[in-house]
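Overview (structure and organization)
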Amino acid sequence: MNAETPEACAPQAVLFAMIKERLSRSPFVPFRIVTTSRRAYEVPTADHMGLLPKLRMVYIADDGGGQVDIHTLHVSAIESLRPRRGKAA
């Protein structure tokens with residue numbers, strides 16, 4: 001796939017690239033994925049999300065062992081979150 005193919009400009013490919021870019025930021029900035037069903041899933045660290053490039057899917061894990069799989073067709077927004085602060089010294 002290259003930038004000239006129709007698939008490269010498909011909305012799900014663009015969203016996938018945006019999510020991938022957010023995961024690789026240094027320092028990491030927490031974000032939230034909002035789906036077309038209006039459910040929101042927070043990604044507090046890069047370790048909480050994985051990518052399945054060929055399927056254009058992401059998965060988000062929580063600290064309790066749960067996981068949700070989301071196809072980028074169902075992503076309606078990517079929202080930045082404020083970084084969590086440590087306890088005051």
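Here, every reference points to the structure presented above.
Residues numbered from 1 in each chain as written. Predicted model: local features only at pLDDT ≥ 70, side-chain atom pairs only at ≥ 80, totals over all residues. Heavy atoms only, no water.

Tracing the sequence through the fold places His-48 in the loop between β2 (40-43) and β3 (49-52). The class for His-48 is buried, based on a relative accessible area of 13%. A polar contact of 2.5 Å, which involves the side chain of His-48, links it to the side chain of Thr-45. Not counting residues up to four positions away in its chain, the partners in contact with His-48 are Val-43, Tyr-59, Ile-60, Ala-61, Asp-62 and Asp-63. (Helix = DSSP H or I, 4+ residues; strand = E, 2+ residues; numbered from the N terminus. Buried < 20%, exposed > 50% of the residue type's maximum accessible area, 1.4 Å probe, protein only. Polar contact = N/O pair within 3.5 Å; in protein donor to acceptor, adjacent residues only side chain to side chain. Contact = heavy atoms within 4.5 Å.)

With that settled, consider the sheet that holds β3. With respect to topology, three strands assemble into an open sheet ordered β3-β4-β5, the strand pairing being antiparallel. Every other strand in the sheet has two partners, leaving β3 and β5 (67-71) as the edge strands with one partner each. Neighbouring strand axes in the sheet, compared pairwise and without regard to direction, differ in orientation by 20 degrees on average. In the sheet, β3 pairs with strand β4 (residues 57-61) via four bridges, with the strands oriented antiparallel. (Pairing = 2+ DSSP bridges. Axes fitted to C-alpha atoms, helices over the stretch in contact; angles between N-to-C directions.)

Relative to the 20 Å expected for 14 residues at 1.5 Å per residue, helix α1 (residues 11-24) spans 20 Å between its end C-alpha atoms, a close match to the ideal helical length. Every buried residue belonging to α1 is among Ala-13, Leu-15, Phe-16, Ile-19, Arg-22 and Leu-23, and all of these are buried. Looking at the buried residues of α1, the elements they touch are β1 (31-35), β2, β3, β4 and β6 (75-80). (Expected span 1.5 Å × (residues − 1).)

The next subject is the nonpolar core. Among the nonpolar cores identified, the biggest contains 15 residues, and Phe-31, Ile-33, Met-49, Ile-60, Ile-70 and Ile-78 are the most heavily contacted of them. Those elements that place two or more of their residues in this core are α1, β1, β2, β4, β5 and β6. Here this core takes four residues from α1, the largest share from any one element. (Core = buried A, V, L, I, M, F, W, Y, C linked by side-chain atoms within 4.5 Å.)

Attention shifts here to the pairing of β1. With four of five residues buried, β1 is to be regarded as a mostly interior element. Here β1 runs beside β2; their pairing, made up of four bridges, is antiparallel. From the neighbouring strand, Arg-32 faces β2, where its bridge partner is Glu-42. Counted between consecutive antiparallel strands, the loop separating β1 from β2 contains four residues, among which Arg-38 sits at a positive phi close to 75 degrees. Taken together, the five bridges between β1 and β6 define a ladder with antiparallel strand orientation. Bridge assignment links Val-34 to a residue of β6, and that residue is Ala-77.

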